[in-house]
Amino acid sequence: MNIFELKDLKTKDFGRAFVHLETVESTFLTMREFEKQGAVHGCVVLADEQTLGRGRFSRRWESGKGLGLYFNLLLRPDLSPTLAPRLILFAAVGVAQGLRDLGFEAKIKWPNDIVISGKKVCGMLMESGGDMEHLRYVSAGIGINVNQTLSDFPDELQEKAASLFILSGREQSRETVLTAVLNRLEENYYLCINNYEELSENYTRLSATVGHEVVASGGSEVSGFAEGINEDGELLVRDKKGVLHALNIGDVSVRGVMGYV
Ligand code: ATP
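Residues numbered from 1 in each chain as written. Predicted model: local features only at pLDDT ≥ 70, side-chain atom pairs only at ≥ 80, totals over all residues. Heavy atoms only, no water.

## Observations concerning the overall build of the chain
Per the secondary structure count, the chain includes five helices and twelve strands. Against the 2.2 N^0.38 benchmark of 18 Å for 261 residues, the chain shows a C-alpha radius of gyration of 18 Å, consistent with a compact globule. Principal-axis analysis of the C-alpha atoms places the extent of the chain at approximately 55 × 45 × 30 Å. Counting only residues that meet the buried cut, the chain has 52% of its 261 residues in that class. Across the chain, contacts joining residues at least 24 apart in sequence account for 62% of those joining residues at least 6 apart. Split by element, the accessible area of the chain, about 12,000 Å² in all, is 49% carbon and sulfur. If you average the places of the 28 positive and of the 36 negative side-chain charges in the chain, the two averages end up 2 Å apart. (Helix = DSSP H or I, 4+ residues; strand = E, 2+ residues; numbered from the N terminus. Rg over C-alpha atoms; globule rule 2.2 N^0.38 Å. Buried < 20%, exposed > 50% of the residue type's maximum accessible area, 1.4 Å probe, protein only. Contact = heavy atoms within 4.5 Å. Areas by Shrake-Rupley, 256 points an atom, 1.4 Å probe, with all protein chains shown as cover. Lys, Arg positive; Asp, Glu negative; His and termini not counted. Charge placed at Lys NZ, Arg CZ, Asp CG, Glu CD.)

Listed below in structure tokens is the structure:
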């Protein structure tokens, strides 16, 4: 295990409990175990490598050793389970702002992919545990491509994905990136709990999807103009006939009419 120093961390809770592991199957599985053992709010598990990293719909997340940040953040929100979908937004805004603090023009492709220059640099996923009345925890798995070269990605991803290294031409410190992102994640987490409207405005401002023509596939096949998001983080798409569709995160993949974004 190497030393990973988050020395410019300004957070109260996020990353204060921090576990750095070399290889895990998936940070979700590791965090589930930690959660059962009572891990605290803000606890972060970082892995150098995931052998079974997953995205939405159980699709593989490429997690090459030492090249990216593969981490999981545990939240113990005092939030009604019905409001849990709101947490998706804070994570996307937090990562985008953190990368912007480092000089990258990061935007959010709905629901929560982070894109820079039209390329996917980060994906994230959330799972939760609890019952109808009480949200015991939410675990956010976040993968950020940091120092991959193009050939580190499989052929089918080379058009769509990029890393901070590819985009800047400079090797980036994973410590610096994680610190910047955790600082902004915590800020936006509190915005989500205390001032959701402002978070939602920030999200819309950073969105690469809202204000564009999109095509959705999966649960609903819809194409039209993305007008905004609603209070549950659903994407509002108006089709050619003027009908407004609310697309749910669990159902669809969205593409721009001209390509990935
Ligand atoms: P998309 O619109 O890209 O399909 P999604 O939100 O449905 O996004 P995710 O769950 O974020 O998908 O991630 C899974 C997909 O991301 C994979 O199917 C693959 O296309 C792509 N992918 C996998 N690993 C990486 C990576 N390291 N960097 C960028 N993209 C990746």
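So, next bit.
## Section: the packing of helix α2 (residues 87-101) against helix α5 (residues 196-206)
It is the contact of α2 with α5, at a shortest axis distance of 10 Å, that shows an interaxial angle of 55°. It follows from the interaxial angle that α2 and α5 lie oblique. Our pair here, α2 against α5, has a crossing hand that is left-handed. When α2 is examined against α5, the residues Leu-89, Phe-90, Ala-92, Val-93, Ala-96, Gln-97 and Arg-100 are found in contact with a partner set consisting of Tyr-196, Leu-199, Ser-200, Asn-202, Tyr-203 and Leu-206. (Axes fitted to C-alpha atoms, helices over the stretch in contact; angles between N-to-C directions. Parallel < 35°, antiparallel > 145°, perpendicular 65-115°, else oblique. Left-handed = near helix turned anticlockwise from the far one by under 90°.)

## Description of the pairing of strand β2 (residues 44-50)
For β2, the tally of buried residues reaches six of seven residues, placing the bulk of the element in the interior. Where strand β1 (residues 18-24) lies against β2, six bridges are found, and the strand directions are parallel. Bridge assignment links Val-19 to a residue of β2, and that residue is Val-45. Assessed by its sense of winding, the connection that carries the chain from β1 through helix α1 (residues 27-36) to β2 is right-handed. Bridge count between β2 and strand β3 (residues 68-75): four bridges; the pairing is antiparallel. (Pairing = 2+ DSSP bridges. Right-handed = clockwise from strand over helix to strand, strands pointing away.)

## Some remarks on the packing of aromatic side chains
Inspection of the entire model under this criterion finds four aromatic pairs. Ring centres of Phe-14 and Tyr-189 lie 5.7 Å apart, and the angle between their planes is 50°; this geometry places the pair in the tilted category. With Phe-14 in the segment before β1 and Tyr-189 in helix α4 (residues 174-194), this residue pair connects regions lying 175 residues apart in the sequence. In this structure, Phe-14 and Tyr-189 share a single accessibility class: buried. Ring centres of Tyr-189 and Tyr-190 lie 5.2 Å apart, and the angle between their planes is 75°; on these two criteria the pair is classed as edge-to-face. (Phe/Tyr/Trp six-rings, centres within 6.5 Å; stacked < 30°, edge-to-face > 60°.)

## Remarks on the sheet that holds strand β11 (residues 244-247)
The five strands lie next to each other as β11-β10-β9-β8-β12, forming an open sheet whose pairing is antiparallel. The open sheet has two free edges, formed respectively by β11 and β12 (252-256), since each of these has just one partner strand. Sheet twist, expressed as the average angle between the axes of neighbouring strands with direction ignored, equals 45°. Two strands pair when backbone bridges link them, and strand β8 (residues 213-218) and β12 are joined in this way by five bridges, in the antiparallel orientation. Bridging from a neighbouring strand, Val-214 pairs with Gly-256 of β12.

## Thoughts on the sheet that holds β2
If you trace the seven strands from one edge of the open sheet to the other, you get β1-β2-β3-β7-β6-β5-β4, paired in mixed fashion. Whereas interior strands pair on both sides, the edge strands pair on one side only; in this sheet they are β1 and β4 (106-109). Pairwise comparison of adjacent strand axes, ignoring direction, gives a mean angle of 20° for this sheet. Docked against the sheet, α2 engages β3, β4, β5 (113-116), β6 (119-130) and β7 (135-145), running at close to 145° with respect to β6.

## Structural notes on α2
Taking 1.5 Å per residue, 15 residues should reach 21 Å; α2 reaches 21 Å between its end C-alpha atoms and fits that length. With 13 of its 15 residues buried, α2 lies for the most part within the structure. Gly-103 sits one or two positions beyond α2 and adopts a positive phi of about 100°. (Expected span 1.5 Å × (residues − 1).)

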